[in-house]
Amino acid sequence: MSLPKAKESSEYLDLLSGSVDEKSQIREYISKYPKGVFVDIGGGGGEVLSAMMAEMDRLKKENIEYDQSLIALDSSKGALQAIFERFPDLKDRNNLRAIHSDAVHTTLKECSVDGINVSDVLHEIGSYAQGRASIKQFIREANRILKSGGVLVFRDPEGLDI
């Protein structure tokens, strides 16, 4: 099966929507940061964001102390728009921001997030940019934006040789 060329195409996003449980393993860390800020990098399909938001909602209902926020970061404006088309209930959430930025040089402040989820993205960073150097730069960028004790959860079935 060949992938559609446009990253934001409906076909492409549908193809990536499988295995949401596997792709959103960061959910187990969300409960550890009651006031946490979490970033889903390259999550243009929205399924993982929706799952992360559902976990945040569940925690908030159980405990008033939970006040978390989520950032969708993607280099494709179309993919970010598709999130809200596919999951309209996320549109008016005051604890969700969409940021158009690449993963290697984000616009996020140093030590500003508690958790980063990266699923099916690292091989893209390597293939669309400068290979290993870009992946290493992404790891440096993730370290820059993570708070002390923060967590980076990544999954990439393509396999990486860094």
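How each quantity is defined
Residues numbered from 1 in each chain as written. Predicted model: local features only at pLDDT ≥ 70, side-chain atom pairs only at ≥ 80, totals over all residues. Heavy atoms only, no water. Pairing = 2+ DSSP bridges. Helix = DSSP H or I, 4+ residues; strand = E, 2+ residues; numbered from the N terminus. Axes fitted to C-alpha atoms, helices over the stretch in contact; angles between N-to-C directions. Contact = heavy atoms within 4.5 Å. Core = buried A, V, L, I, M, F, W, Y, C linked by side-chain atoms within 4.5 Å. Buried < 20%, exposed > 50% of the residue type's maximum accessible area, 1.4 Å probe, protein only.

Engineer: Whenever I open this one, the sheet that holds strand E4 (residues 113-119) confuses me. Can you help?
Structural biologist: Consider a sheet: its strands pair through backbone hydrogen bonds, and that pairing is either parallel or antiparallel. Taking strand neighbours across the sheet as the criterion, the 5 strands line up as E3-E2-E1-E4-E5 in an open arrangement whose pairing is parallel. Where the open sheet ends on each side, the last strands, each with one partner, are strand E3 (96-100) and strand E5 (146-155). Adjacent strand axes in the sheet meet at a mean angle of 20° when their direction is disregarded. As defined by bridge partners, strand E1 (residues 37-41) adjoins strand E2 (residues 69-74) across 5 bridges and the pair is classed as parallel. If you follow Val-37 over to E2, its bridge partner there is Ser-69. The strands touched by helix H4 (residues 47-62) within the sheet are E1, E2, E3 and E4, with E2 carrying the most contacts at an inclination of about 170°. Sitting on the sheet, helix H7 (residues 132-145) touches E1, E4 and E5, and the angle it makes with E5 is about 140°.

Engineer: I tried to follow the nonpolar core on my own but got confused; where do I start?
Structural biologist: By size, the foremost hydrophobic cluster in this structure holds 21 residues, and its most contacted members are Phe-38, Met-52, Leu-70, Ile-83, Leu-90 and Leu-96. With 20 residues, the next largest nonpolar core counts Val-104, Val-121, Phe-138 and Ile-145 among its residues.

Engineer: Help me out: how do you make sense of unusual backbone geometry in this one?
Structural biologist: Of all residues except glycine, most have a negative phi; of all peptide bonds, most are trans. With a phi close to 55°, Cys-111 is a non-glycine residue in the positive phi region. Examined against the element boundaries, Cys-111 turns out to sit in the loop between E3 and E4.

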